[in-house]
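Take a look at the letters that make up each chain.
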Amino acid sequence: MEVGIVGLPGCGKTTLFSALTGTRVDAYTDKAHVGVANIPDPRLPAIAEHITTRKIVPATLRLVDLPGVPPGGEPKKLSALLEQIRQVDAICHVVRAFDDGRGADPARDLAAMDTELVLADLVVAEGAADKAARTARTGEREAKERVATLERIQERLGEGAPLRSGDWSDRDKAILRSYGFITSKPVLLVGNVAEADLPGAAVVAILEKGGGRGLALCAKLEAELAELPEEDRASMLESLGLAEPAIGPLARALHAQLGLTTFYTAGDKEVRAWTIPMGATAPEAAGAIHSDIQRGFIRAECFAFDDLVSLGSEKRIREAGKLRSEGKAYLMQDGDVVHFLFNV
Ligand SMILES: Nc1nc2c(ncn2[C@@H]2O[C@H](COP(=O)(O)OP(=O)(O)O)[C@@H](O)[C@H]2O)c(=O)[nH]1
Ligand SMILES: [Mg+2]
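Residues numbered from 1 in each chain as written. Chains lettered and ligands numbered in written order. Predicted model: local features only at pLDDT ≥ 70, side-chain atom pairs only at ≥ 80, totals over all residues. Heavy atoms only, no water.

### Quick word on the site of ligand 1
Ligand 1 sits among 16 residues. The nearest are Gly10, Lys13, Thr14, Thr15 and Asn192. Contact distances for ligand 1 include 2.7 Å between an oxygen atom and a side-chain N or O atom of lysine 13. Considering ligand 1 on its own, with 580 Å² of exposed area, one finds that the protein chains cover 76% of that surface. Only helix H1 (13–21) and helix H8 (219–227) provide two or more residues apiece to the shell around ligand 1. Residue contributions to the shell around ligand 1 peak at three residues, all from H1. Class assignment of the residues belonging to the shell around ligand 1 gives a composition of nine nonpolar, five polar and two charged. (Near = heavy atom within 4 Å. Polar contact = N/O pair within 3.5 Å; in protein donor to acceptor, adjacent residues only side chain to side chain. Areas by Shrake-Rupley, 256 points an atom, 1.4 Å probe, with all protein chains shown as cover. Helix = DSSP H or I, 4+ residues; strand = E, 2+ residues; numbered from the N terminus. Nonpolar A, V, L, I, M, F, W, Y, C, P; charged D, E, K, R; others polar.)

This is the structure:
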């Protein structure tokens, strides 16, 4: 899963990327930066309280800090950017809501960037519609349906509306996916507010006006937080009235939009969180760890995180009959703690 950070130049993408991934990057290049952010998860230390372990390993989020292109900027740079956005699974759309000396107009900036993305999809939709219309003339049923859907897609885009909103059937959605439209990707709208404007509810309301999910943060503050030693972070957060660094709500919102869930492995070597699609089977979850474990899957020994907390140890879980042995068809549940048995 890869999340692209998208937004106009100067909105704070690189600042946010550095803060979330803990990498230092030269803020003023127009190359994409790729990095990994650790997803904080209170269930990890809670598991380690009951299962003695040497190391805690959080799940991660892959982030790509994409270059910003000004509206009406160089077409070559814009098409290179659009190509990169097509590769990511979800978009984190950063909108400047702090005054950088030019004032701030998050609604305008959001619309400006969205317009570029809508236009890019419109070009793809037009090409696809022409092609589908030619195939439909040969009487192919599937192509006729495609033409009808592509007409509706063009209509929406023509009105300037992104494809993620709108009433699409499962068939339509399959067609949308097959063309990799940018505006049908899951998106999180991130308002980058001044520290004084935190928690930023007003900006979130502005961003969510056109539909979609919003979140406010202050990238500069997040960067400062990331530089602080762990033990000083809590007091700084508290003094700002914040419950946690922005990576928490950001990762949770992206997971919800991408339909992702978390399971755990726990042993004396490490307690670790893993990210999988909701509804993944036990062998698919095993594949998130290693393809060999998926291929050689025998069964999964598994219990619920909540049972570990209420019963207090693996031994008591076993005694209470809460340790389950699950086969290939088992659908993973959020918070499962799993030990996979496999052949190589
Ligand atoms: N006041 C303030 N300045 C910020 C914030 N985030 C970024 N900046 C500044 O805005 C400028 C552009 O930031 P940068 O992260 O390079 O933006 P990018 O072009 O979107 O990658 C830099 O001078 C940052 O220090 C913020 O939350 N508050
Ligand atoms: Mg940048």
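### Some points on the packing of aromatic side chains
Taken as a whole and assessed by the stated rule, the structure comprises four aromatic pairs. When the centroid spacing of 6.5 Å and the interplanar angle of 15 degrees are considered together, the rings of phenylalanine 263 and tryptophan 274 count as stacked. One end of the pair, phenylalanine 263, is in strand S8 (residues 260–266); the other, tryptophan 274, is in strand S9 (residues 271–277), with eleven residues separating them in the sequence. Take phenylalanine 263 and tryptophan 274: they sit in the same class, and that class is buried. With centroids separated by 6.0 Å and ring planes inclined at 85 degrees, the aromatic side chains of phenylalanine 263 and phenylalanine 340 adopt a geometry described as edge-to-face. Linking phenylalanine 263 in strand S8 with phenylalanine 340 in strand S12 (residues 336–342), this pair joins segments that are 77 residues apart in sequence. Judged on exposure class, the residue phenylalanine 263 and its partner phenylalanine 340 are both buried. Cluster of aromatic residues (ring-pair linked, three or more members): Phe263, Trp274, Phe297 and Phe340. (Phe/Tyr/Trp six-rings, centres within 6.5 Å; stacked < 30°, edge-to-face > 60°. Buried < 20%, exposed > 50% of the residue type's maximum accessible area, 1.4 Å probe, protein only.)

### Focus on the nonpolar core
The biggest cluster of nonpolar side chains holds 37 residues, and the ones touching the most others in it are Ile47, Leu61, Leu63, Leu217 and Leu250. Ranked by residues supplied to this core, first place goes to helix H10 (residues 247–258) with five residues. Here leucine 217 is in contact with Leu16, Val190, Gly191, Asn192, Val193, Leu198, Ala246 and Leu250, once residues within four sequence places are set aside. Counting 31 residues, the second largest nonpolar core, distinct from the first, contains Leu8, Val64, Val203 and Leu207. (Core = buried A, V, L, I, M, F, W, Y, C linked by side-chain atoms within 4.5 Å. Contact = heavy atoms within 4.5 Å.)

### Here we look at the pattern of salt bridges
Taken as a whole and judged by the stated rule, the model has 21 salt bridges. Across the salt bridge formed by glutamate 83 and arginine 86, the nearest N and O atoms sit 3.1 Å from each other. With glutamate 83 and arginine 86 both in helix H3 (residues 75–87) and three residues apart, the pair spans about one turn of that helix. Taking the relative accessible area as the measure of exposure, glutamate 83 reaches 40% and is therefore partly exposed. (Salt bridge = Lys/Arg side-chain N within 4 Å of Asp/Glu carboxyl O.)

### Section: the pairing of S8
Of all seven residues in S8, six are buried; the element is thus mostly enclosed. Relative to S9, S8 is paired through seven bridges, and the arrangement is antiparallel. Directly across from threonine 265, in S9, lies its bridge partner arginine 272. The turn joining S8 and S9, which pair antiparallel and follow one another in sequence, is formed by four residues. (Pairing = 2+ DSSP bridges.)

### A closer look at the sheet that holds strand S6 (residues 187–192)
Read across the sheet, six strands follow the order S2-S4-S1-S5-S6-S7 without closing on themselves; strand pairing throughout is mixed. Edge positions in the open sheet fall to strand S2 (33–38) and strand S7 (213–217), since each of these has one partner strand only. Going across the sheet, the axis of each strand differs from the next one's by a mean of 30 degrees, ignoring polarity. Where S6 meets S7, five bridges bridge the pair, whose relative direction is parallel. Bridge pairing in S7 places leucine 189 opposite glycine 214. Its contacts with the sheet place H1 against strand S1 (2–6), S2, strand S4 (60–65), strand S5 (90–96) and S7, and it is angled at close to 45 degrees to S2. (Axes fitted to C-alpha atoms, helices over the stretch in contact; angles between N-to-C directions.)

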